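Listed below are the residues making up each chain.
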Amino acid sequence: GAGVSQSPSNKVTEKGKDVELRCDPISGHTALYWYRQSLGQGLEFLIYFQGNSAPDKSGLPSDRFSAERTGGSVSTLTIQRTQQEDSAVYLCASSLGPGDPDTQYFGPGTRLTVL
Amino acid sequence: AQSVTQLGSHVSVSEGALVLLRCNYSSSVPPYLFWYVQYPNQGLQLLLKYTTGATLVKGINGFEAEFKKSETSFHLTKPSAHMSDAAEYFCAVKAGANSKLTFGKGITLSVRP
């Protein structure tokens, strides 16, 4: 079946611009996670959704970062006023949700470059 | 709080040799443990996981790992390396279901002909 998809695969933007990254989870998966992968910081958790609510936002690095999920499916991660340190690969993962050992399945990522 | 330590950043083995990638974890609750592999310019693929039960877990591509609570370790092994195993490997820990993964820094595995 279809896996987690993310778009765009690559995004180049200028410092100060806003960007939106999209994640389509595996159908039927109620849990959705965003992570960031960068050379200096490795893989970092950003935010977790269960359905449309976000019980854990502890990894969002600043108030320039926000995310939403609608219809219990697609999620959008928005970065406002991008900075060069935001350059990274943004990974989305989904899992079945409550009651499951919660294996997370990852998408291919969006590579963000801030010039 | 959870943390993962993967010592070293690069391991090189000969084709056909044993692969051993080390992972030690810290967790305030019984952990769920995972190994993921990442090939160049691709996302993370699950190799294997430990949640409960048998401490020796087998995964894809001939890999296995053993959960040793007394040593807080979850080392990944494969008896015989193949060229296609060259990739970056990440160990990760979760504090139970429906919680975030905390990753180690990752280890790059190179396989020499």
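See the structure above.
These figures come from a predicted structure and were not determined experimentally.

**Points about the overall build of chain A**
Right, on to step 1. Helix and strand counts for chain A stand at 0 helices and 11 strands.
Right, on to step 2. Counting helices and strands in the order they occur from the N terminus, chain A gives β-β-β-β-β-β-β-β-β-β-β.
Right, on to step 3. Taken along its principal axes, the extent of the C-alpha atoms in chain A is 40 × 25 × 25 Å.
Right, on to step 4. Counting only residues that meet the buried cut, chain A has 46% of its 115 residues in that class.
Right, on to step 5. Contacts in chain A between residues at least 24 apart in sequence constitute 55% of all its contacts with a sequence separation of at least 6.

**Brief notes about the packing of aromatic side chains**
Right, on to step 1. Within the structure shown, the criterion is met by 13 aromatic pairs over all chains.
Right, on to step 2. Ring geometry for Phe106 of chain A versus Tyr36 of chain B: centroids 5.3 Å apart, planes at 80°, classification edge-to-face. With Phe106 of chain A in strand S10 (residues 105-106) and Tyr36 of chain B in strand S5 (residues 32-38), the pair connects residues from two separate chains.
Right, on to step 3. When its relative accessible area of 0% is taken as the criterion, Tyr36 of chain B is described as buried.
Right, on to step 4. Look at Tyr36 of chain B and Phe103 of chain B: their rings are 6.1 Å apart centre to centre, the planes differ by 55°, and that puts the pair in the tilted class. Within this pair, whereas Tyr36 of chain B is found in strand S5, its partner Phe103 of chain B is found in strand S11 (residues 102-103), the two being separated by 67 residues in sequence. In this structure, Tyr36 of chain B and Phe103 of chain B share a single accessibility class: buried.
Right, on to step 5. The rings of Tyr33, Tyr35, Phe45, Tyr48 and Phe106 of chain A together with Phe34, Tyr36, Phe90 and Phe103 of chain B are connected pair by pair, giving a single aromatic cluster.

**Re the sheet that holds strand S1 (residues 5-7) of chain A**
Strand pairing in a sheet relies on backbone hydrogen bonds, with the paired strands running either antiparallel or parallel.
All names here are of chain A.
Right, on to step 1. Overall, antiparallel pairing links the 4 strands, which are arranged S1-S3-S8-S7 in an open sheet. Looking at the sheet topology across the chains shown, the edges are occupied by S1 and strand S7 (65-69). Each strand axis lies, on average, 15° off the axis of its neighbour in the sheet, ignoring direction.

**Quick notes on the layout of surface pockets**
Right, on to step 1. Approximately 550 Å³ is the volume found for the largest pocket.
Right, on to step 2. Residue lining of the largest pocket: 22 residues in total, with Gln37, Leu39, Val89 and Arg111 of chain A together with Gln38 of chain B positioned closest to the centre.
Right, on to step 3. At the level of secondary structure, the elements contributing two or more residues to the lining of the largest pocket comprise strand S4 (31-38), strand S9 (88-95) and strand S11 (110-114) of chain A together with strand S10 (87-94) of chain B.
Right, on to step 4. When residues of the lining of the largest pocket are assigned to their parent elements, the largest contribution, 3 residues, is made by S11 of chain A.
Right, on to step 5. Here the lining of the largest pocket is composed, by residue class, of 8 nonpolar, 11 polar and 3 charged.
Right, on to step 6. Approximately 180 Å³ is the volume found for the second largest pocket.
Right, on to step 7. Every residue lining the second largest pocket is counted, 13 residues in all, and those nearest its centre are Phe106 of chain A together with Gly43, Leu44, Gln45 and Leu46 of chain B.
Right, on to step 8. Those elements giving two or more residues to the lining of the second largest pocket turn out to be S10 of chain A together with strand S6 (44-50) of chain B.
Right, on to step 9. Broken down by element, the lining of the second largest pocket gets its largest block of residues, 3 residues, from S6 of chain B.
Right, on to step 10. Of the residues that constitute the lining of the second largest pocket, the class distribution is 7 nonpolar, 6 polar and no charged.

**A word on the interface of chain B and chain A**
Right, on to step 1. On the side of chain A, 24 residues touch chain B, which itself brings 20 residues to the contact.
Right, on to step 2. Regarding the contact of chain B and chain A, the summed buried area is about 1,600 Å², with carbon and sulfur atoms giving 53% of it.
Right, on to step 3. There are 0 salt bridges connecting chain B and chain A.
Right, on to step 4. Applying the counting criterion to the chain B and chain A interface returns 5 residue pairs in polar contact (both at pLDDT 80 or more).
Right, on to step 5. Only S5, S6 and S10 of chain B provide two or more residues apiece to the side of chain B that touches chain A.
Right, on to step 6. When residues of the side of chain B that touches chain A are assigned to their parent elements, the largest contribution, 4 residues, is made by S5 of chain B.
Right, on to step 7. Here the side of chain B that touches chain A is composed, by residue class, of 9 nonpolar, 7 polar and 4 charged.

Scoring rules and cut-offs
- Residues numbered from 1 in each chain as written.
- Chains lettered and ligands numbered in written order.
- Predicted model: local features only at pLDDT ≥ 70, side-chain atom pairs only at ≥ 80, totals over all residues.
- Heavy atoms only, no water.
- Helix = DSSP H or I, 4+ residues; strand = E, 2+ residues; numbered from the N terminus.
- Buried < 20%, exposed > 50% of the residue type's maximum accessible area, 1.4 Å probe, protein only.
- Contact = heavy atoms within 4.5 Å.
- Phe/Tyr/Trp six-rings, centres within 6.5 Å; stacked < 30°, edge-to-face > 60°.
- Pairing = 2+ DSSP bridges.
- Axes fitted to C-alpha atoms, helices over the stretch in contact; angles between N-to-C directions.
- 1 Å grid on protein atoms, 1.4 Å probe; cavity = no way out; pocket = protein on both sides within 12 Å on 5 of 7 lines; lining within 4 Å.
- Points joined across faces, edges and corners; volume = space filled by probe spheres on them.
- Nonpolar A, V, L, I, M, F, W, Y, C, P; charged D, E, K, R; others polar.
- Buried area = accessible area lost by both parts, 1.4 Å probe.
- Salt bridge = Lys/Arg side-chain N within 4 Å of Asp/Glu carboxyl O.
- Polar contact = N/O pair within 3.5 Å; in protein donor to acceptor, adjacent residues only side chain to side chain.

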